[in-house]
Amino acid sequence: MRPPERTIFVERRTYRRRRLIDAARLLPVFGVSIFAFPVLWARESSTTSGVAYLFGAWLVLIVLAFVIARRLRQSEGDDV
């Protein structure tokens, strides 16, 4: 007798939670890549624009981390 087949698909809530966890894991990689841009164009722009870019990128990373953490916390409350 054959064992029952496992389903390929998971529940939508579980799938979205896993994708949020993946996004949280990739956030540091994204941060390193956007912080590397000023190094690439350091000769072509002023220091002021480079510093403004770094603070803007830092702000974007903070907001993204906040949004991901909040959604993960909400999805954790749904599972209970």
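Above this text is the structure in question.
Please read all numbers here as calculations on a predicted model, not as lab measurements.

Asker: Describe a nonpolar patch on the surface, and please don't skip the residues or the numbers.
Answerer: A surface patch of nonpolar side chains, amounting to about 560 Å² of accessible area, comprises Phe35, Val51, Leu54, Phe55, Trp58 and Ile62. Counting residues per element, the nonpolar patch draws most heavily on helix H2 (residues 47-79), at 5 residues. The class of valine 51 is partly exposed, set by a relative accessible area of 38%.

Asker: Which residues make up helix H1 (residues 12-40), and what values go with them?
Answerer: The terminal C-alpha atoms of H1, which comprises 29 residues, lie 41 Å apart, in line with the 42 Å expected from a rise of 1.5 Å per residue. Along H1, the residues that are buried comprise Leu20, Leu27, Gly31, Ile34 and Pro38.

Asker: Break down the pattern of salt bridges for me, citing the residues and quoting the values.
Answerer: Applying the stated criterion across every chain, the model contains 2 salt bridges. In this structure, arginine 13 engages glutamate 11 in a salt bridge whose closest nitrogen and oxygen atoms are separated by 3.2 Å. What makes arginine 13 partly exposed here is its relative accessible area of 40%. According to the relative accessible area criterion, glutamate 11 is partly exposed, its value standing at 49%.

Asker: Before we move on, can you summarise the environment of threonine 47 with the specific residues and values?
Answerer: Note on placement: threonine 47 falls in helix H2. On the accessibility criterion, threonine 47 (63% relative accessible area) is exposed. The spacing of threonine 47 and tyrosine 15 is 32 residues in sequence and 43 Å in space, taken between C-alpha atoms.

Asker: Let's hear about the environment of leucine 61: which residues, and what values?
Answerer: Locating leucine 61 in the fold gives a position in helix H2. C-alpha of leucine 61 to C-alpha of threonine 14: the two residues are 47 residues apart in sequence and 25 Å apart in space. Contact partners of leucine 61, with chain neighbours within four places excluded, come to Leu27, Phe30, Gly31, Ile34 and Phe35.

Calculation rules
- Residues numbered from 1 in each chain as written.
- Predicted model: local features only at pLDDT ≥ 70, side-chain atom pairs only at ≥ 80, totals over all residues.
- Heavy atoms only, no water.
- Patch = residues over 30% accessible without salt bridge, like charges linked within 9 Å, V, L, I, M, F, W, Y side chains within 5 Å.
- Areas by Shrake-Rupley, 256 points an atom, 1.4 Å probe, with all protein chains shown as cover.
- Salt bridge = Lys/Arg side-chain N within 4 Å of Asp/Glu carboxyl O.
- Helix = DSSP H or I, 4+ residues; strand = E, 2+ residues; numbered from the N terminus.
- Buried < 20%, exposed > 50% of the residue type's maximum accessible area, 1.4 Å probe, protein only.
- Expected span 1.5 Å × (residues − 1).
- Contact = heavy atoms within 4.5 Å.

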